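# Structure assessment
Next come the chains, spelled out residue by residue.
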Amino acid sequence: MKDLNHREFLKGTGALVVAGALPVSLVKVAFGAGSANEDFTFAHISDSHISYLGKNKFVRNWDRGLIRAVAEVNLMTPQPDFIIYGGDIAQLGTKEEIDHGLELMSKVRSKVHYVMGEHDYYVDLGKHWESRLGPQWYSFDHKGIHFVVLNSILTYDDWTHKNWPTQMDRMLAMARLDNPGGSPFMVGKEQRDWLKKDLKKVSKDTPIVVCSHSPIQKIFKGWNFWTDDAEEVQTLLKRFDKVTVIYGHVHQIQYNQIGNISFHAVMATAWPWPYPSTYSQAPSYMPELTVKMNRGDPFFERDATGWQFINTHSGNVDLHYQLPNNQNRSVVFDTKTGKPVDNKFQSVKNRIPPQTHY
Ligand SMILES: [Fe+2]
Ligand SMILES: [Fe+2]
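Residues numbered from 1 in each chain as written. Chains lettered and ligands numbered in written order. Predicted model: local features only at pLDDT ≥ 70, side-chain atom pairs only at ≥ 80, totals over all residues. Heavy atoms only, no water.

### As for the coordination of the iron ion (ligand 1)
What counts, and what does not: Water is not among the atoms examined, so metal sites may look incomplete; donors are the N, O and S atoms within 2.8 Å of the metal, or within 3.2 Å for Na, K and Ca. Only four donors with every angle between 85 and 135 degrees are called tetrahedral; only four or six donors with opposite donors over 155 degrees apart and all others between 65 and 115 are called square planar or octahedral, in that order; all others are irregular.
Donor atoms from the polypeptide that bind the iron ion (ligand 1) are D47 (OD), H49 (NE2), D88 (OD) and H251 (NE2), placed at 2.0 to 2.4 Å. Geometry at the iron ion (ligand 1) is irregular, judged from the 4 donor atoms that bind it and their angles of 85 to 174° at the metal. Along the chain, the residues donating to the iron ion (ligand 1) are arranged with the sequence spacing D-x1-H-x38-D-x162-H.

Okay, here's the thing in structure tokens:
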């Protein structure tokens, strides 16, 4: 992105900063001088976990996170071309929660492309979600970029169709973070076959952006920060010059580079998860590149949530995280090393010591 555009863009987001930094991801896609492609922005909202309490009541804090994100998107100048919703709009996948979440989302002015999360899926295997939103995986092209939306939270048929006492028992088994009765997520063969066919028509120099819920990489199995057939999906993406995977689910900053693929997590509107290594009994498989954020401060409702805008320079993606109660962060693609780096905190001596709560 040219400097002038960058300044204008920041000026345009001034209203947002005044309104409060919120868990929205504004994505700027820039192709650089001489490119036939047109720059554009899209926004990304994820993981609202709308929770139904009965009698038309919903958990207030999760509602507020999504309401604020929607308000910010509507304040954005320029308006994003479209919005990606990254999954887990519901907590337990019920009709009440999905309908309420979509009602809150209906206030945005741009088109929304939805990604399926496990919290949306494991009650009725995505039937209500599908009846409201359409197919669980699909692709589309926008101003020179090929976007692929995957349902990455499927699992083995044996687990899904085992004799659960109720559908809600299945959901509760999958909804837990430390998930002892759950099952690893996967994209699955049917969808991989579809993806292979879908990508056949795309030229090698077309930038690809994949939106998934779980990371299409293996980070920590115990919490399902994991997709079991990640390598098989990565293989299908190998022949392209520039590939970015943007995912929700982990509710925290993570970034990585595997071969030609850059990986970036987006923030949740609901709450932050700790990093797996926060619990000493859990071995950490965090990507080596990731500089961890401090754990969220429970006294700040929106702490360790945030929004980010993203620049794509000729198909390489930079994320700029705007964080209400943490220092802002930028994770920028370094063309020399071919990896994303945190341009302020990557060096060990510059890191912020962990935050302690009493
Ligand atoms: Fe989530
Ligand atoms: Fe999730």
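Next comes the rest of the description.
### Some points on the confidence of the model for the protein
Do not read the predicted coordinates in detail wherever pLDDT is low. As a reminder, the rule being used: What pLDDT conveys is the predictor's confidence in a given residue, as a value from 0 to 100. Contacts were defined at the residue level, with two residues in contact if any of their heavy atoms lie within 4.5 Å.
Taken residue by residue, the protein gives an average pLDDT of 85. The fraction at 70 or more is 82%. Counting contacts from residues 1–22, a segment whose pLDDT is below 50, to residues more than four positions away or on other chains yields 37 contacts.

### Focus: the coordination of the iron ion (ligand 2)
Each donor-metal-donor angle in an ideal tetrahedron of four donors is 109.5 degrees, and each such angle in an ideal octahedron of six donors is either 90 or 180 degrees. Put simply, the rule reads: Think of it this way: any DSSP run of H or I at least four residues long counts as a helix, any run of E at least two long counts as a strand, and we number them from the N terminus. Only protein chains enter the calculation, and the probe is 1.4 Å; a residue is then buried if its accessible area is under 20% of its type maximum, exposed if over 50%, and partly exposed in between.
Surrounding the iron ion (ligand 2) are the protein donor atoms D88 (OD), E118 (OE), E118 (OE), H213 (NE2) and H249 (ND1), at 2.2 to 2.6 Å. All donors of the iron ion (ligand 2) belong to a single chain; written as a sequence motif, their spacing is D-x29-E-x94-H-x35-H. For the pair the iron ion (ligand 2) and the iron ion (ligand 1), the metal-to-metal distance amounts to 3.5 Å, and D88 bridges them. Of this pair, D88 sits in the loop between β5 (82–85) and α4 (95–105) while E118 sits in helix α5 (residues 118–121); the two residues are 30 residues apart in sequence, bridging distant segments of the chain. Owing to a relative accessible area of 1%, D88 belongs among the buried residues under this scheme. The buried category is assigned to E118, whose relative accessible area is 4%.

### Digging into the sheet that holds strand β11 (residues 255–258)
This is how the line gets drawn: Strands were regarded as paired on the criterion that DSSP finds at least two bridges between them. Lines fitted to the C-alpha atoms define the axes, with helices restricted to the stretch that makes contact. Angles between their N-to-C directions range from 0 to 180 degrees.
Pairing within the open sheet is mixed, and its 6 strands lie in the order β7-β8-β9-β10-β12-β11. Where the open sheet ends on each side, the last strands, each with one partner, are β7 (138–142) and β11. Adjacent strand axes in the sheet meet at a mean angle of 20° when their direction is disregarded. In this sheet, strand β12 (residues 261–265) lies alongside β11 in antiparallel orientation, the contact comprising 4 bridges. Bridging across to β12, I258 finds its partner in I261.

### Section: the nonpolar core
Quick reminder of the rule: Definition used in this section: a nonpolar core is a set of buried Ala, Val, Leu, Ile, Met, Phe, Trp, Tyr and Cys residues joined via side-chain atoms within 4.5 Å.
Counting 39 residues, the largest nonpolar core has I208, I216 and L237 as the members making the most contacts within it. Where this core is concerned, the elements lending two or more residues are α9 (189–200), β9 (208–212), α10 (230–237), β10 (243–247), β12 and β14 (316–322). Not counting chain neighbours up to four residues away, the residues in contact with L237 comprise L199, I208, V210, V243, N260 and I261. Y114, L154, W164 and M174 belong to the second-largest nonpolar core, a separate cluster that totals 36 residues.

### As for the packing of aromatic side chains
Spelled out, the test is: Each aromatic pair joins two rings of Phe, Tyr and Trp (for Trp, the six-membered one) with centres within 6.5 Å, and gets the label stacked for planes under 30 degrees apart, edge-to-face for over 60, and tilted for any other angle. A ring is scored as having a charge over it whenever the NZ atom of a lysine or the CZ atom of an arginine sits within 6 Å of its centre and within 35 degrees of its normal.
Summed over the entire model, instances satisfying the criterion amount to 14 aromatic pairs. Ring plane angle 85° and centroid distance 5.3 Å describe the contact between F42 and F147, whose orientation is recorded as edge-to-face. In this pair, F42 is assigned in strand β2 (residues 40–45) and F147 in strand β8 (residues 145–149), connecting sequence segments 105 residues apart. For the pair F42 and F147, one class covers both residues: buried. Taking 5.7 Å as the distance between ring centres and 80° as the angle between the ring planes, the aromatic pair formed by W223 and F225 counts as edge-to-face. An aromatic cluster is present here, built from F42, F82, F140 and F147 joined pairwise through their rings. Between the NZ or CZ atom of K162 and the centre of the ring of W164, over which it lies, the distance is 4.7 Å.

### Looking at unusual backbone geometry
The linkage connecting T77 with the following residue, P78, adopts the cis geometry, with an omega of 0°. We note that H49 has phi near 50°; this positive angle belongs to a residue other than glycine. Using a relative accessible area of 1% as the deciding quantity, one classes H49 as buried.

### Quick notes on the pattern of salt bridges
The test is simple: The salt bridge definition used is simple: a Lys or Arg side-chain nitrogen within 4 Å of an Asp or Glu carboxyl oxygen.
In this structure the tally under the stated criterion is 11 salt bridges. R192 is the partner of E232 in a salt bridge, and the nearest nitrogen-oxygen pair spans 3.1 Å. Pair noted here: E232 is in helix α10 and R192 is in helix α9, with a separation of 40 residues, a long-range link. Residue E232 is classed as partly exposed on the basis of its relative accessible area of 43%. For R192, a relative accessible area of 16% corresponds to the buried category. One network of salt bridges, in which partners are shared, links K95, D99 and R132.

### Brief notes about helix α3 (residues 60–75)
Worth spelling out the cut-off: Multiplying 1.5 Å by the residue count of a helix minus one yields the expected span of that helix.
Counted at 1.5 Å a residue, the expected span for α3 with its 16 residues is 22 Å, and the 22 Å between its end C-alpha atoms agrees. Here α3 has its buried residues at N61, W62, D63, G65, L66, A69, V70, E72, V73 and N74.

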